[in-house]
Amino acid sequence: MNTSENERAGGPVEDLPSVAPRLRSLRRRAGLTLEAAAREAGLSPAHLSRLETGQRQPSLPMLLALARVYGTTVSELLGETVADRDAIIRAGDMEPTKAGGWTYWQSGAPGRGMQSLRVRVPYGSQGDIVRVHPGEEWLYVLHGRLRLRLGDTTHVLAPGDSAHFDSLTPHRLAAEDHDGVELLFVHTLLQSPLAALCLGPITGEMP
């Protein structure tokens, strides 16, 4: 995994001034040094330090990686809470967050063993990013068509199609059409010494 490519991937999460101290607090709560946390998340210690001091804003892939390393959720990293872990999440309470061109809405309560998101992926955004991490993923296409690369096989999913796979299988997601694609996305949150989200552009077009 190329660290410099990993750090560039995904684009910044905008307007999150409170993320920096929370990243530091959660790392310390997990009992990890800066170097150990950076290594498990696939970042350099210097880059993680800049995230923790607010000099850089994390991308959504970085947040997902750090959430797995710290045994928490992106919701907690962002300071989003649902009172008393309410089982019901109302549409009006789902605030959109943008990262690397993607728009996502938290669709589940924090502190659970799974994280649920509604995601909109525009055409041409992050289609060259490969993801590899422990756990399982399930996704369901709501609108548009999704191009999903699992290992060496490419699938095109239409509305109503779903996929359920081991997240250790290298995978890429991209919108097949210019109008983009919207999907439901559920993944398990596993804390593991190998819990790194491996990202990096792949040379050439997605076949």
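One can find the structure itself at the top, above this paragraph.
These numbers come from a predicted model, not from an experiment.

Explain the sheet that holds strand β3 (residues 114–121) residue by residue, including any values.
If you walk across this open sheet you meet the six strands as β1-β2-β3-β9-β4-β7, and the pairing is antiparallel. Each edge of the open sheet is held by one strand with a lone partner, namely β1 (97–99) and β7 (162–166). Pairwise comparison of adjacent strand axes, ignoring direction, gives a mean angle of 25° for this sheet. Alignment of strand β2 (residues 102–106) against β3, held across four bridges, turns out to be antiparallel. Bridged to W105 within β3 is R118.

Which residues make up the nonpolar core, and what are the values?
Within soluble globular proteins, side chains that are nonpolar generally end up buried alongside one another. Core analysis: the largest hydrophobic core is formed by 43 residues, its most contacted members being L48, Y70, L139 and L146. Considering each element in turn, this core owes the most residues, nine residues, to helix α5 (residues 60–70). For L139, the residues in contact, after removing those within four places along its chain, are L146, L157, D161, S162, A163, F165, L173, L183, L184 and F185.

Explain the sheet that holds strand β6 (residues 153–157) to me, using residue names and the numbers behind them.
Reading across from one edge, β6-β5-β8 is the order of the three strands in this open sheet, with antiparallel pairing throughout. The open sheet has two edge strands with one neighbour each: β6 and β8 (171–175). Adjacent strand axes in the sheet meet at a mean angle of 20°, parallel and antiparallel pairs treated alike. Bridge count for strand β5 (residues 146–150) against β8 is five bridges, and the pairing is antiparallel. By the bridge assignment for β8, R149 is matched with R172.

Please set out the pairing of strand β4 (residues 136–143) residue by residue, giving values where relevant.
In this sheet, β7 lies alongside β4 in antiparallel orientation, the contact comprising five bridges. Looking across to β7, one finds that E137 is bridged to F165.

Any details on the pairing of β2? Residues and values, ideally.
The buried count for β2 comes to five of five residues, which makes it a mostly enclosed element. Residue alternation in β2 divides its side chains into two sets, W102, Y104 and Q106 and T103 and W105, and both sets are buried. Strand direction decides the pairing type here: β1 and β2, joined by three bridges, are antiparallel. Note on β2: the bridge partner recorded for T97 is Y104.

Tell me about the environment of R50, residues and numbers included.
When you line up the elements, R50 lands in helix α4 (residues 45–52). Take R50: its relative accessible area is 29%, and that puts it in the partly exposed class. C-alpha of R50 to C-alpha of A20: the two residues are 30 residues apart in sequence and 8.5 Å apart in space. Setting aside anything within four residues of it in sequence, one finds R50 in contact with Q55 and R56.

Explain helix α3 (residues 34–41) to me, using residue names and the numbers behind them.
With six of eight residues buried, α3 lies mostly within the body of the structure. When α3 is considered as a whole, its buried residues turn out to be L34, A36, A37, A38, E40 and A41. Phi turns positive, to about 75°, at G42, one or two residues after α3.

Any details on the packing of aromatic side chains? Residues and values, ideally.
Tallying each qualifying case throughout the model produces one aromatic pair. Each ring, one from W138 and one from Y140, has its centre 6.1 Å from the other, and the planes form 20°; the classification is stacked. A cation sits over an aromatic face here: R118 above W105, 4.0 Å from the ring centre.

Describe the packing of α3 against α5, and please don't skip the residues or the numbers.
At a closest axis distance of 9 Å, the pairing of α3 and α5 adopts a crossing angle of 120°. One way to sum up the angle between α3 and α5 is to call them oblique. The element α3 and its partner α5 pack so that their crossing is right-handed. Contacts from A37, E40 and A41 of α3 reach α5 at A65, L66, V69 and Y70. Taken together, the residues of the contact of α3 with α5 break down into six nonpolar, no polar and one charged.

Reading guide: rules and limits
Residues numbered from 1 in each chain as written. Predicted model: local features only at pLDDT ≥ 70, side-chain atom pairs only at ≥ 80, totals over all residues. Heavy atoms only, no water. Pairing = 2+ DSSP bridges. Helix = DSSP H or I, 4+ residues; strand = E, 2+ residues; numbered from the N terminus. Axes fitted to C-alpha atoms, helices over the stretch in contact; angles between N-to-C directions. Core = buried A, V, L, I, M, F, W, Y, C linked by side-chain atoms within 4.5 Å. Buried < 20%, exposed > 50% of the residue type's maximum accessible area, 1.4 Å probe, protein only. Contact = heavy atoms within 4.5 Å. Phe/Tyr/Trp six-rings, centres within 6.5 Å; stacked < 30°, edge-to-face > 60°. Lys NZ or Arg CZ within 6 Å of the ring centre and 35° of its normal. Parallel < 35°, antiparallel > 145°, perpendicular 65-115°, else oblique. Left-handed = near helix turned anticlockwise from the far one by under 90°. Nonpolar A, V, L, I, M, F, W, Y, C, P; charged D, E, K, R; others polar.

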